[in-house]
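Okay, here's what each chain looks like letter by letter:
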Amino acid sequence: MSRVAIEYCTQCRWLLRAGWMAQELLSTFGTELSEVALIPGAGGVFRITLEGEQIWERKSDGGFPDIALLKQRVRDRIDPNRDLGHIDRD
């Protein structure tokens with residue numbers, strides 16, 4: 001099982017956004033994730049890691065991830081053959 005960490009800026013008040021993304025990941029991947037951690041930070045940080053590997057960073061990736069893209073990135077690392085339903089359709 002995999003651990004996701006979402007580090008968010010408390011100064012920017014991004015807790016709700018981080019919490020929503022955590023909820024979406026837990027709803028989609030359920031028991032495939034051992035943990036989704038919310039890590040308070042500062043300085044405009046919004047970074048998502050999976051097993052310590054960065055899969056999204058607000059400054060370098062140009063903003064916040066679309067939830068479908070985030071789910072695809074998590075899926076591609078924990079279960080590449082999994083069908084995400086409508087998210088995978090054009």
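You'll find the chain entered in an unreviewed UniProt entry as SelT/SelW/SelH family protein, with Nocardia albiluteola given as the organism.

Helix and strand counts for the chain stand at three helices and four strands. Relative to a compact globule of 90 residues, whose C-alpha radius of gyration would be 12 Å, the chain shows 13 Å and is just as compact. Its C-alpha atoms put the chain at 40 × 30 × 20 Å along the principal axes. Counting every position in the chain, which comprises 90 residues, the buried fraction comes to 38%. Long-range contacts, defined as pairs at least 24 residues apart, comprise 64% of the intrachain contacts of the chain with a sequence gap of at least 6. A total of about 5,200 Å² of accessible surface is found on the chain, and carbon and sulfur atoms cover 46% of it. The distance from the centre of the 12 positive side-chain charges to the centre of the 14 negative ones in the chain is 7 Å.

How each quantity is defined
- Residues numbered from 1 in each chain as written.
- Predicted model: local features only at pLDDT ≥ 70, side-chain atom pairs only at ≥ 80, totals over all residues.
- Heavy atoms only, no water.
- Helix = DSSP H or I, 4+ residues; strand = E, 2+ residues; numbered from the N terminus.
- Rg over C-alpha atoms; globule rule 2.2 N^0.38 Å.
- Buried < 20%, exposed > 50% of the residue type's maximum accessible area, 1.4 Å probe, protein only.
- Contact = heavy atoms within 4.5 Å.
- Areas by Shrake-Rupley, 256 points an atom, 1.4 Å probe, with all protein chains shown as cover.
- Lys, Arg positive; Asp, Glu negative; His and termini not counted.
- Charge placed at Lys NZ, Arg CZ, Asp CG, Glu CD.

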